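# Summary of structural features
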Amino acid sequence: MSKRTCIIVPCYNEVERIKTEEYIRFLAQTTDIDFCFVNDGSSDQTSALLKTLCEDIEDRALFVDLSKNGGKAEAVRSGINYVLSFEKYDRVGFADADLATPLEEMKRLSDVLALDPTIVMVMGSRIKRMGVMIERKLFRHYMGRLFATVVAILFRFNAYDTQCGAKIFDRRIAESIFDRPFISKWLFDVELLLRIRNQRSDYNQIIQEIPLNIWLEQGGSKIRFSHLLKLPLELWTIYISYK
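Treat the numbers as computed from the prediction; the structure is a model and nothing was measured.

### Brief notes about the packing of aromatic side chains
Under the counting rule described, the total for this entry stands at 13 aromatic pairs. Relative to phenylalanine 37, the ring of tyrosine 23 has its centre 5.0 Å away and its plane inclined at 80 degrees; by these criteria the two rings are edge-to-face. Here phenylalanine 37 lies in strand E2 (residues 33-40) and tyrosine 23 lies in helix H1 (residues 20-29), a separation of 14 residues in the sequence. With relative accessibility at 1%, the residue tyrosine 23 sits in the buried group. Plain terms: the ring middles of phenylalanine 94 and phenylalanine 188 are 5.5 Å apart, the flat faces sit at 40 degrees to each other, and that makes the pair tilted. Within this pair, whereas phenylalanine 94 is found in strand E4 (residues 91-95), its partner phenylalanine 188 is found in helix H7 (residues 188-199), the two being separated by 94 residues in sequence. By relative accessible area, phenylalanine 188 is classed as buried at 0%. Among the aromatic residues, ring-to-ring pairing joins Phe94, Phe169, Phe178, Phe182 and Phe188 into one connected group. One residue, arginine 126, lies across the ring of tryptophan 215, its end atom 4.9 Å from the ring centre.

This is the structure:
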């Protein structure tokens, strides 16, 4: 098996936000990372755009075209299980379609995992600090900190930023944590950590959180106010289910 990473990019009505030239440029400079684009039942021209992009980079891209919108969690799970059917990848991950996390940052996360065989998961975190470029609206930042505090109390996690959409997994752990649907469409990142913890008592040592150097908030988020209202119930359901 070659030492390669495939990154799943879930897409729902992203025709205006998919930066095709960024993928083409990145792939011209990188040899060990491929992409799997998942169209999550889009109602615009996202599917056609992704098909064209995959044709342009056919030897470095996979495409999953879901007929029905199932939410980010299921789109990511579908993409990862499809990628795992190919023996050429020993690392899989996912990133947001808007490239709030630049592709170079995804490669940095992948390299951390590739260089340390004791780690099974690497997750990015959006920590504002000197010398980096983390741009996030103040309201979303404080909402994120509130959410992180609740998660830390409920689940006793040390994670700073469970919801950052930049994560890479060792193939073996991915096979065991993406094998069944998630409870939540938006909080599945928390479920991923819980599934690893339920399997490994040393989860604090085998999951590494890496502060990102660049993260730029993009417009057009798919999370609506109605979704936010459902999050407390979903979080409680996750707590009961994984207790």
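### Focus on the sheet that holds strand E8 (residues 207-211)
Strand order in the open sheet formed by 7 strands is E3-E2-E1-E4-E7-E5-E8, with mixed pairing between adjacent strands. Two strands close off the open sheet at either side, each with one partner strand: strand E3 (61-66) and E8. Each adjacent strand pair in this sheet contributes to an overall mean axis angle of 20 degrees, direction not counted. The strands that helix H2 (residues 46-56) touches are strand E1 (5-11), E2 and E3; relative to E3, the one it contacts most, it runs at about 160 degrees. Strands in contact with helix H4 (residues 103-115) are E1, E2, E4, strand E5 (121-125), strand E7 (166-170) and E8; relative to E7, the strand with the most contacts, it is inclined by about 30 degrees.

### Details of a negative patch on the surface
Negative charge collects at one region of the surface, where Glu55, Asp56, Glu58 and Asp59 lie side by side. Locating aspartate 56 in the fold gives a position in helix H2. Since its relative accessible area comes to 56%, aspartate 56 is described here as exposed.

### As for the environment of proline 102
Looking at the element boundaries, proline 102 is found in the loop between E4 and H4. Separated by 111 residues in sequence, proline 102 and asparagine 213 place their C-alpha atoms 9.6 Å apart.

### Description of the nonpolar core
Most often, soluble globular proteins keep nonpolar side chains buried together rather than apart. Grouped together as the largest cluster of nonpolar side chains are 44 residues, with contacts concentrated most on Phe155, Phe169 and Phe178. In this view, phenylalanine 178 contacts Val76, Arg77, Ile80, Asn81, Phe94, Phe169 and Leu192; residues no more than four positions away in its chain are not counted.

### Overview of the pattern of salt bridges
For the structure shown, the criterion picks out 24 salt bridges. Residues lysine 88 and aspartate 34 are paired through a salt bridge, measuring 3.9 Å at the closest nitrogen-oxygen approach. Here aspartate 34 lies in strand E2 and lysine 88 lies in the loop between helix H3 (72-84) and E4, a separation of 54 residues in the sequence. Residue classification places lysine 88 among the partly exposed residues on the basis of a relative accessible area of 35%. Aspartate 34 sits in the buried class, given a relative accessible area of 0%. Between aspartate 111 and lysine 107 there is a salt bridge, with its nearest N and O atoms 3.3 Å apart. Taken together, the residues aspartate 111 and lysine 107, both in helix H4 and 4 residues apart, mark about one turn of the helix. One connected set of salt bridges, linked through shared partners, spans Arg4, Asp34, Arg60 and Lys88.

### Description of the packing of helix H5 (residues 138-155) against H7
Put simply, H5 and H7 touch, their axes get as near as 12 Å, and they point 25 degrees apart. In terms of their interaxial angle, H5 and H7 are classed as roughly parallel. Crossing handedness for the pair H5 and H7: right-handed. Between H5, through Phe147, Val151 and Phe155, and H7, the contact on the second element is made entirely by Val190, Leu194 and Arg197.

About the criteria used
- Residues numbered from 1 in each chain as written.
- Predicted model: local features only at pLDDT ≥ 70, side-chain atom pairs only at ≥ 80, totals over all residues.
- Heavy atoms only, no water.
- Phe/Tyr/Trp six-rings, centres within 6.5 Å; stacked < 30°, edge-to-face > 60°.
- Helix = DSSP H or I, 4+ residues; strand = E, 2+ residues; numbered from the N terminus.
- Buried < 20%, exposed > 50% of the residue type's maximum accessible area, 1.4 Å probe, protein only.
- Lys NZ or Arg CZ within 6 Å of the ring centre and 35° of its normal.
- Pairing = 2+ DSSP bridges.
- Axes fitted to C-alpha atoms, helices over the stretch in contact; angles between N-to-C directions.
- Contact = heavy atoms within 4.5 Å.
- Patch = residues over 30% accessible without salt bridge, like charges linked within 9 Å, V, L, I, M, F, W, Y side chains within 5 Å.
- Areas by Shrake-Rupley, 256 points an atom, 1.4 Å probe, with all protein chains shown as cover.
- Salt bridge = Lys/Arg side-chain N within 4 Å of Asp/Glu carboxyl O.
- Lys, Arg positive; Asp, Glu negative; His and termini not counted.
- Charge placed at Lys NZ, Arg CZ, Asp CG, Glu CD.
- Core = buried A, V, L, I, M, F, W, Y, C linked by side-chain atoms within 4.5 Å.
- Parallel < 35°, antiparallel > 145°, perpendicular 65-115°, else oblique.
- Left-handed = near helix turned anticlockwise from the far one by under 90°.

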